[in-house]
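These are the residues of each chain, in order.
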Amino acid sequence: MIEEFESANCLKLDASDERNLVKRLLESRKLLQRSFRILNESRPELIYVAGIECMPAARKMKRVFGSHIVLEIADLPANSYIERFGFLSKPLEALVNRQVSGADSIVITSPYYYSDYYKHRTRFKEEEVFLFENVPEQSVFSGFKKKPHDIFRVAFIGGVRYFDSIRTLFEAGKGVDGLEVLIAGKGPDYERVLELSKTYSNAKITGEYNYKKEIVNLYSEVDLVYAVYNTKGINERLALPNKLYEAIVCGIPIVVSKGTCLEKYVKELGVGFSVSDGDVDELRTLFLDIIGAGNCQLRRISKKESEIKDGFFYENIEQKFLEWILRKLER
């Protein structure tokens with residue numbers, strides 16, 4: 001049955017990535033009309049929704065044909081995008097959660113999205129929730145090998161945002177002998193970070209990279225992964241970023257923000273450290289402690305990661321996911 005599912009005809013409709021709320025709603029209305037027209041022709045048994053804008057069309061199809069709706073939630077809709085609308089944020093959050101509740105099942109990327117959020121705001125039971133974390137493909141990282149190097153390198157790899165957190169990283173590493181800060185990637189704060197980096201002699205910016213071709217090489221000379229974010233937003237407090245799993249499969253310790261579910265997860269797995277977001281002195285002290293101990297802390301964590309890494313590859317979760325989806329079709 002897995003083969004039958006994988007060979008089924010699939011149609012993908014992309015939701016809008018427009019950031020202006022009014023324009024986004026207008027574009028979403030057009031998407032609703034188009035998606036319903038197409039779905040009405042195919043009359044699917046199951047609709048997999050990867051954008052909240054598609055939920056009205058999916059719900060309409062459910063009413064007409066009884067389709068089972070699976071909604072993928074990569075990030076909480078109630079993130080900073082909604083929170084920035086002031087007094088409108090609560091009504092918008094309620095509206096979004098109402099759309100989420102229209103699904104029959106959900107796929108989430110962090111266990112805390114359910115335990116700390118949707119469990120108390122929706123009717124979903126645990127059996128209707130599938131956890132598909134942001135794990136990397138084993139095929140991409142199969143050739144990973146650490147390269148020997150003399151410098152202690154702390155890296156922020158991925159979408160370049162959270163400007164204040166990156167500035168904290170620069171400041172904490174300033175003047176620390178034998179330490180280099182690496183920023184790899186592009187994003188909304190890239191130009192600001194690039195300009196700021198010019199004032200730090202031990203900062204290195206590599207810019208955009210081809211993920212499948214270059215990510216392994218980037219991590220090969222990294223000693224500590226930096227994932228300390230502003231913790232004001234609910235999404236940042238509950239999310240588990242893909243760089244956590246990349247660090248694990250590469251055997252590289254990670255440093256994260258205190259007071260987050262990410263910190264809780266890192267401590268449970270024993271794969272890294274935590275510091276207060278924005279605390280330059282605390283982060284610098286961590287760097288000095290690691291270097292002063294001859295990196296023995298890093299080696300201990302790396303050994304732990306090598307023991308658990310096989311559980312954090314996409315290929316090992318995919319089969320379970322397909323079987324879960326098929327069970328929805330069999331109802």
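Residues numbered from 1 in each chain as written. Predicted model: local features only at pLDDT ≥ 70, side-chain atom pairs only at ≥ 80, totals over all residues. Heavy atoms only, no water.

Colleague: Break down the sheet that holds strand 7 (residues 203-207) for me, with residues and values.
Modeller: Strands sit in the order 7-6-5-8-9-10 across an open sheet of six strands; the sheet is parallel. Two strands close off the open sheet at either side, each with one partner strand: strand 7 and strand 10 (272-275). Taken over all neighbouring pairs, the strand axes of this sheet differ in orientation by 25 degrees on average, direction set aside. Bridge count between strand 9 (residues 254-257) and strand 10: four bridges; the pairing is parallel. Considered in strand 10, the bridge of Val255 is made with Phe273. Against the sheet, helix 13 (residues 261-269) engages strand 8 (224-227), strand 9 and strand 10, with an angle of about 145 degrees to strand 9. (Pairing = 2+ DSSP bridges. Helix = DSSP H or I, 4+ residues; strand = E, 2+ residues; numbered from the N terminus. Axes fitted to C-alpha atoms, helices over the stretch in contact; angles between N-to-C directions. Contact = heavy atoms within 4.5 Å.)

Colleague: Tell me about the environment of Pro253, and please be specific about residues and values.
Modeller: For Pro253, the position within the fold is in the loop between helix 12 (242-250) and strand 9. The class for Pro253 is buried, based on a relative accessible area of 2%. Ignoring any residue separated from it by four or fewer positions in sequence, one finds Pro253 in contact with Asp223, Leu224, Val225, Val271, Phe273, Leu298, Ile301 and Glu305. (Buried < 20%, exposed > 50% of the residue type's maximum accessible area, 1.4 Å probe, protein only.)

Colleague: Summarise the pairing of strand 2 (residues 68-73); cite the residues concerned and give the values.
Modeller: Judged by how many residues are buried, strand 2 sits mostly within the fold: five of six residues are covered. Where strand 1 (residues 46-49) and strand 2 come together, four bridges link them in parallel fashion. Counted as the bridge partner of Leu46 is His68 from strand 2. Chirality of the crossover, the property in question, places the unit of strand 1, helix 3 (residues 55-65) and strand 2 among those that are right-handed. Note that strand 2 and strand 3 (residues 105-108) share four bridges and pair parallel. Counterpart to Leu71 in the pairing with strand 3 is Ile106. (Right-handed = clockwise from strand over helix to strand, strands pointing away.)

Colleague: Requested: an account of the sheet that holds strand 4 (residues 129-131), with residues and values cited.
Modeller: Taking strand neighbours across the sheet as the criterion, the four strands line up as 1-2-3-4 in an open arrangement whose pairing is parallel. For this open sheet the edge positions go to strand 1 and strand 4, each flanked by a neighbour on one side alone. Ignoring strand direction, the axes of neighbouring strands in this sheet form an average angle of 20 degrees. Set on the sheet, helix 16 (residues 314-329) makes contact with strand 1, strand 2, strand 3 and strand 4; between it and strand 4 the angle comes to about 165 degrees.

Colleague: Explain the side chain of Thr109 to me, using residue names and the numbers behind them.
Modeller: One can find Thr109 in the loop between strand 3 and helix 6 (111-121). Exposure remark for Thr109: the relative accessible area of 8% places this residue in the buried category. Of the polar contacts made by the side chain of Thr109, one reaches the backbone oxygen of Ala74; its length is 2.9 Å. Excluding residues within four positions of it along the chain, Thr109 makes contact with Ile73, Ala74, Leu131, Phe132, Glu133, Asn134 and Tyr245. (Polar contact = N/O pair within 3.5 Å; in protein donor to acceptor, adjacent residues only side chain to side chain.)

Colleague: Outline helix 14 (residues 280-292), supporting the account with residue identities and numerical values.
Modeller: Relative to the 18 Å expected for 13 residues at 1.5 Å per residue, helix 14 spans 18 Å between its end C-alpha atoms, a close match to the ideal helical length. Of the positions making up helix 14, those classed as buried are Leu283, Leu286, Phe287 and Ile290. Taken down its axis, helix 14 places every buried residue within 95 degrees of arc, on the same side. For helix 14, the exposed residues lying more than 90 degrees away from the buried face are Asp281 and Gly292. (Expected span 1.5 Å × (residues − 1). Arc of directions from axis to C-beta.)

Colleague: Tell me about the packing of helix 8 (residues 163-173) against helix 14, and please be specific about residues and values.
Modeller: Contact geometry for helix 8 and helix 14: axes closest at 8 Å, N-to-C directions at 55 degrees. Here helix 8 is positioned oblique relative to helix 14, judged by the angle of their axes. Between helix 8 and helix 14 lies a crossing of right-handed hand. On helix 14, the residues that touch Thr168, Leu169, Glu171, Ala172 and Gly173 of helix 8 are Val280, Leu283, Arg284 and Phe287. (Parallel < 35°, antiparallel > 145°, perpendicular 65-115°, else oblique. Left-handed = near helix turned anticlockwise from the far one by under 90°.)

So, to be careful, I would describe these as geometric facts and stop short of saying anything about function.
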